[in-house]
Amino acid sequence: MNVMRESAADIAAASVKIAARGVQVFYGDTHAIKDVDVDIADRTVTAFIGPSGCGKSTFLRCLNRMNDTIDICRVEGRITLDGEDIYDRRVDPVQLRAKVGMVFQKPNPFPKSIYDNVAYGPRIHGLTRNRAELDEVVEQSLRRAALWNEVKDRLQAPGTGLSGGQQQRLCIARAIATSPEVLLMDEPCSALDPIATAQVEELIDELRANFSVVIVTHSMQQAARVSQNTAFFHLGNLVEYGQTAQIFTTPRDPRTESYISGRIG
Ligand SMILES: Nc1ncnc2c1ncn2[C@@H]1O[C@H](COP(=O)(O)OP(=O)(O)OP(=O)(O)O)[C@@H](O)[C@H]1O
């Protein structure tokens, strides 16, 4: 545990965007997350890895209060974004999710045009004053999601008509259109082929110039390619957290070592 805390301290030396302390999550009687402390650095890609059912997605969903939508789920502990408690009663979860955006495992564009998918968030949050400003946000979001060139001549076509990889980049454009500060990605490439995966990974690397990105992945290769920091979860515990290169080359906990060498998982 001390070792884990030491490497977490190295990460805390960078600018901390999200800090979690003593986080516990229960689904009814299932204790899914056990006393997790973690600091997520700003403008960095942080990967959550670990065997199936270890709690990666559950913990990720704590970071923008998506677990609020699950009736039997109870979250305890403290999570701050730039020092502000995101579970404070005064925080509106909808506003929070505009700041801490999310991209899911399966691309889930709305049954609307490409334009309207991206314009959705800015419209409901009233972020633009007129159509010209909205057009600009849509274009910039699609450019940052590396999709603009492929769709600029068919913005009114349905988002659901794009390929899987394009749909996922559309969902990323939709998530970044509200200018979030953090982007949570829950296995964003699991439904994509290797070419689309490579495009999304390249995009994640570019996004970290502006956002703090947290990605859940089953692929250790992907974690090694895209992240600077990695957190290894096992049976609801955060076992080890540190710089990705260290976690993959010289893990300090035998459970991490077993997982990365393929002995558990
Ligand atoms: N909506 C839910 N209701 C009840 N239990 C849940 C729910 N979601 C997750 N759990 C339980 O919480 C634990 C952690 O699940 P979670 O999905 O967070 O793990 P994970 O590491 O993301 O798994 P995977 O890699 O398979 O997606 C598991 O025991 C799971 O069965």
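Not measured: the values here are computed from a predicted model. (Residues numbered from 1 in each chain as written. Predicted model: local features only at pLDDT ≥ 70, side-chain atom pairs only at ≥ 80, totals over all residues.)

S.K.: Can you help me understand the overall build of the chain in this one?
M.R.: Each helix and strand counted, the chain has 11 helices and 10 strands in total. Scaling as 2.2 N^0.38, a compact globule of 265 residues should have a C-alpha radius of gyration of about 18 Å, and the chain matches this with 18 Å. With the C-alpha coordinates aligned to their principal axes, the bounding extent of the chain is approximately 55 × 45 × 35 Å. Considering only contacts in the chain between residues 6 or more positions apart, those separated by 24 or more positions represent 70%. (Helix = DSSP H or I, 4+ residues; strand = E, 2+ residues; numbered from the N terminus. Rg over C-alpha atoms; globule rule 2.2 N^0.38 Å. Contact = placed C-beta atoms within 7 Å.)

S.K.: What exactly am I supposed to notice about the site of the ligand here?
M.R.: Looking at the ligand, the residues that line it are Tyr-27, Thr-30, Ala-32, Gly-50, Ser-52, Gly-53, Cys-54, Gly-55, Lys-56, Ser-57, Thr-58 and Ile-70. Broken down by secondary-structure element, the contributors of at least two residues to the shell around the ligand are strand S2 (30–41) and helix H2 (56–62). Broken down by element, the residue count for the shell around the ligand peaks at three residues, all from H2. By residue class, the composition of the shell around the ligand is four nonpolar, seven polar and one charged. (Near = placed C-beta within 6 Å. Nonpolar A, V, L, I, M, F, W, Y, C, P; charged D, E, K, R; others polar.)

S.K.: Any chance you could explain the UniProt feature "domain: ABC transporter" (unreviewed entry) in the chain here in plain terms?
M.R.: This chain's UniProt record puts "domain: ABC transporter" (unreviewed entry) on residues 18–260. What you have in residues 18–260 is 37% helix and 27% strand, and the ends, taken at the C-alpha atoms, are 26 Å apart. (UniProt positions renumbered as here; feature names shortened; annotations may be inferred.)

S.K.: Can you walk me through the pairing of strand S8 (residues 212–216) in this structure?
M.R.: The side chains of a regular strand alternate, residue by residue, between the two faces of the sheet. With respect to burial, S8 is a largely interior element, five of its five residues being buried. In this structure, strand S3 (residues 45–49) lies alongside S8, joined through four bridges in parallel fashion. Paired with Phe-48 across the strands is Val-216, a residue of S8. Note that the unit made of strand S7 (residues 182–186), helix H8 (residues 194–207) and S8 has a crossover that is right-handed. (Buried ≥ 20, exposed ≤ 12 C-beta atoms within 10 Å, placed from the backbone. Pairing = 2+ DSSP bridges. Right-handed = clockwise from strand over helix to strand, strands pointing away.)

S.K.: Explain the sheet that holds S2 to me, please; I cannot follow it from the model alone.
M.R.: Remark on secondary structure: sheet strands pair via backbone hydrogen bonds, oriented parallel or antiparallel. Pairing is antiparallel across the open sheet formed by four strands, whose spatial order is S2-S1-S4-S5. In the strand order of this sheet, the two ends are held by S2 and strand S5 (84–85), each with one partner. As defined by bridge partners, strand S1 (residues 16–27) adjoins S2 across eight bridges and the pair is classed as antiparallel. Each bridged residue has a counterpart across the sheet, and for Ala-19 the counterpart in S2 is Asp-39.

S.K.: How should I be thinking about the sheet that holds S8 in this particular structure?
M.R.: Strand order in the open sheet made by the six strands is S6-S7-S8-S3-S9-S10, with mixed pairing throughout. Each having just a single partner strand, strand S6 (100–103) and strand S10 (237–243) make up the two edges of the open sheet. The sheet shows a mean angle of 20° between the axes of neighbouring strands, taken without regard to direction. Note that S3 and strand S9 (residues 229–234) share four bridges and pair parallel. Note that in S9 the partner of Ala-47 across the bridge is Thr-230. In this fold helix H7 (residues 164–176) packs onto S6 and S7, with an angle of close to 170° to the strand it touches most, S6. (Axes fitted to C-alpha atoms, helices over the stretch in contact; angles between N-to-C directions.)

S.K.: Looking at this structure, how should I read the nonpolar core?
M.R.: Looking at soluble globular proteins, one finds that nonpolar side chains tend to be buried together. Ranked by size, the top nonpolar core spans 72 residues in total, and within it Phe-48, Ala-173, Leu-183, Leu-184, Val-213, Val-214 and Ile-215 carry the most contacts. Once residues within four sequence positions are removed from consideration, Leu-184 is found in contact with Leu-60, Leu-63, Asn-64, Val-100, Gly-101, Met-102 and Val-214. (Core = buried A, V, L, I, M, F, W, Y, C linked by C-beta atoms within 7 Å.)

S.K.: Please explain the environment of Asp-253 as it appears in this structure.
M.R.: Examined against the element boundaries, Asp-253 turns out to sit in the loop between helix H10 (244–249) and helix H11 (254–260). Taking the C-alpha atoms as reference points, Asp-253 and Val-239, separated by 14 residues in sequence, lie 7.3 Å from one another. Once residues lying within four places of it in the same chain are set aside, the contact partners of Asp-253 are Val-239 and Glu-240.

S.K.: Explain unusual backbone geometry here, please?
M.R.: Keep in mind that most residues, glycine aside, have a negative phi and that most peptide bonds are trans. In the Ramachandran plot, Arg-65 falls in the positive-phi region, its phi being about 60° despite a non-glycine side chain. Here Arg-65 shows up in the loop between H2 and strand S4 (73–81). Within the chain, Leu-235 stands out as a residue other than glycine whose phi angle is a positive 50°. In this fold, Leu-235 is placed in the loop between S9 and S10.

S.K.: Would you take a moment to explain H8 for this structure?
M.R.: Side chains three or four residues apart in an α-helix point the same way, a direct result of the helix having 3.6 residues per turn. Its 14 residues give H8 an end-to-end C-alpha distance of 20 Å, which sits within 8% of 20 Å, the value for a rise of 1.5 Å per residue. Listed in full, the buried residues belonging to H8 are Val-200, Glu-201, Leu-203, Ile-204 and Leu-207. Buried residues in H8, looked at end-on, bunch into an arc of 160°, giving them a common side. Turned more than 90 degrees from where H8 packs its buried face, Pro-194, Ile-195 and Glu-206 sit exposed. Structurally, H8 contributes buried residues whose contacts are with S3, H7, S7, S8 and helix H9 (220–226). (Expected span 1.5 Å × (residues − 1). Arc of directions from axis to C-beta.)

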